[in-house]
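Chains, contacts and geometry: an overview
One letter stands for each residue in the lines below.
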Amino acid sequence: MSGSGFIKLRGDDNVVIALRALPSGTSLDGVPAPLASPVHPGHKIACAPIPEGENVIRYGQIIGQAKSAIQPGDHVHSHNLGMEGHSLQDHEFASQNTPLAPLEAGRTFQGYKRADGRTGTRNYIGILTSVNCSGSVAQFIAEASEKNGLLDRFPNVDGVVPIVHGTGCGMSGENEGYAALFRTLSGYAQHPNFGGILLIGLGCEVMQISDLVGGRPIRSDGALRYMTIQQQGGTRRTIEKGLEELEGIARLANTVSRSPVPISDITVGMQCGGSDGYSGITANPALGYASDLLVRHGGTTILSETPEIYGAEHLLTSRAETTDVGEKLLARVRWWEDYAARNGGEMDNNPSPGNKRGGLTTILEKSLGAVAKGGTAPLAGVYEFAEQVDRKGFVFMDSPGFDPCSVTGQVASGANLVVFTTGRGSVSGYKPTPCIKLATNSEMYGRMSEDMDLNCGDIVTDGVSIEAKGEELLELMIRVASGEHTKSEQLGFGGVEFVPWQIGAVM
């Protein structure tokens, strides 16, 4: 139900959502009393009495409990809505996993077909570092390649991307943190958006180049070279050797050009950041509809950010293709509960201050909106951080809610496109994978249109349907996969957003 200035998402909700700034004393249809105080857009208003301790309902789901008695017309937010802890509820497994009807084959995009059978949406050369200590040298090589006009000689190459980070040493060589970094670096080395890779280490780090290479062909196209600074004899000699190797890699990468490939070769990492009260109403459901469309075409979509599905995981386990898939998701949730507890954290350390200013109050509310990105398709698989996704359809990859880290894992898992919804206005990009930004509200889109690719606020302001916006998004995804530049690419983002997940002690 909607009215002048508000929307009620489900019939049994006891709150409505303000769609514009509403002054104190405003009367709303269906709300028995006038507003007791001013309410900002995206914030909640009680439409029925809610006694102290009773559940507050949004999306037809519990988002928390009243900390004190709430009257109709009251603003519902952090001052009177809390969360009395969340325990895993009784979950149904595979009870709502009806496959979506496939769509007609034949839709294509212009992609880079790789020797291993996967498809890239970009054709970069990566300079991948095993450790922080080789990061500057990787950047020196990239800068030197720009000065000597490498790309002028190889027009099919999109650019040279140094992939640098702050880890790779001062860590155990055997624990889950090492395994996560190993998967991340391996995933980037094999990523289909790279036409070739130069792998550089220092030489004495924990994450050894020899272990990463391991005597195996990381890339079946042969477009990988590796070296250590210590073996080459220092910085200057490594730069000289690196430029020589880049020339050979670029020659191989330049032989590949775009050709028509099925859109089933698109793998989308789905993210939300800087969320607000509109996220679960506009951009996230629109992305969910586009996700379903891509899955129906045979493609793959990846939902992540495990702390931000907390409280809504039952909506995913019921869609699991099998009980084992649902149990695997719950195992990751339980791991996170233990991880937070042993590090002195809480699973309800979300929403962030910006999320709260946008109208979100508890992690349950945020999670219910975040899960909407996953549409309605059955959950085909659950993967660890940066684990290679080897199934088509809608899947989940475990990750923190910190966006650059989560996207890093999705890219390592094989995402050749990222779609990122934001209500407050997140700015970032993720080379080698293009990132499409969706604005959840028209006001922010108007302020930050140079950073946003698509406005989903018109779902509220102009009555555009979720379905129509999802179809518009799918067409944009196909164009970007075919080479159209996103706003973040035009602005030059993607050089500092590689953030591997550091699990465990730094020693």
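Notes on the structure follow. (Residues numbered from 1 in each chain as written. Predicted model: local features only at pLDDT ≥ 70, side-chain atom pairs only at ≥ 80, totals over all residues. Heavy atoms only, no water.)

This next bit is on the pattern of salt bridges. Summed over all chains, the structure comprises 23 salt bridges. Between arginine 122 and glutamate 489 there is a salt bridge; the shortest N-O distance is 2.9 Å. With a gap of 367 residues between them, arginine 122 in the loop between β10 (119-120) and β11 (124-129) and glutamate 489 in helix α16 (residues 487-491) connect regions that are remote in the sequence. In this structure arginine 122 comes out as buried when scored by relative accessible area, which is 2%. On the accessibility criterion, glutamate 489 (18% relative accessible area) is buried. Ionic pairing is found between glutamate 472 and lysine 469, a salt bridge with its closest N-O pair at 3.1 Å. Of this pair, glutamate 472 and lysine 469 both sit in helix α15 (residues 466-481), separated by 3 residues, roughly a single helical turn. Exposure remark for glutamate 472: the relative accessible area of 38% places this residue in the partly exposed category. (Salt bridge = Lys/Arg side-chain N within 4 Å of Asp/Glu carboxyl O. Helix = DSSP H or I, 4+ residues; strand = E, 2+ residues; numbered from the N terminus. Buried < 20%, exposed > 50% of the residue type's maximum accessible area, 1.4 Å probe, protein only.)

What follows covers helix α12 (residues 403-413). Along α12, 11 of the 11 residues are buried, which leaves the element largely enclosed by surrounding structure. Taken residue by residue, α12 has Asp403, Pro404, Cys405, Ser406, Val407, Thr408, Gly409, Gln410, Val411, Ala412 and Ser413 as its buried positions. Looking at the buried residues of α12, the elements they touch are α3 (176-189), β16 (267-272), β17 (300-303), β19 (393-397) and β20 (417-422). Directly beyond the C-terminal end of α12, a positive phi value near 125° is found at glycine 414. (Contact = heavy atoms within 4.5 Å.)

Tracing the sequence through the fold places phenylalanine 396 in strand β19. For phenylalanine 396, the residues in contact, after removing those within four places along its chain, are Leu303, Ser304, Glu305, Thr306, Ile309, Leu316, Leu329, Leu379, Gly381, Val382 and Tyr383.

A word on the sheet that holds strand β18 (residues 379-383). A sheet is described by the order of its strands in space; here 7 strands give the open sequence β18-β19-β17-β16-β20-β21-β22, paired in parallel fashion. Strands at the two margins of the open sheet, each flanked by one partner only, are β18 and β22 (454-455). Pairing of β20 with strand β21 (residues 435-439) involves 5 bridges; the strand directions are parallel. Paired with threonine 421 across the two strands is leucine 438, which belongs to β21. Lying on the sheet, α12 is in contact with β16, β17, β19 and β20; it crosses β16 at an angle near 170°. (Pairing = 2+ DSSP bridges. Axes fitted to C-alpha atoms, helices over the stretch in contact; angles between N-to-C directions.)

A few words now on the packing of helix α7 (residues 283-296) against α15. Look at α7 against α15: their axes get within 8 Å of each other, and the N-to-C directions meet at 60°. With respect to their mutual orientation, α7 and α15 come out oblique. Relative to α15, the crossing made by α7 is right-handed. Contact with α7, carried on its side by Pro285, Ala286, Leu287, Tyr289, Ala290, Leu293 and Leu294, involves Ile466, Glu467, Lys469, Gly470, Glu471, Leu473, Leu474 and Met477 of α15 and no other residues of that element. A per-class count over the contact of α7 with α15 returns 11 nonpolar, 1 polar and 3 charged. (Parallel < 35°, antiparallel > 145°, perpendicular 65-115°, else oblique. Left-handed = near helix turned anticlockwise from the far one by under 90°. Nonpolar A, V, L, I, M, F, W, Y, C, P; charged D, E, K, R; others polar.)

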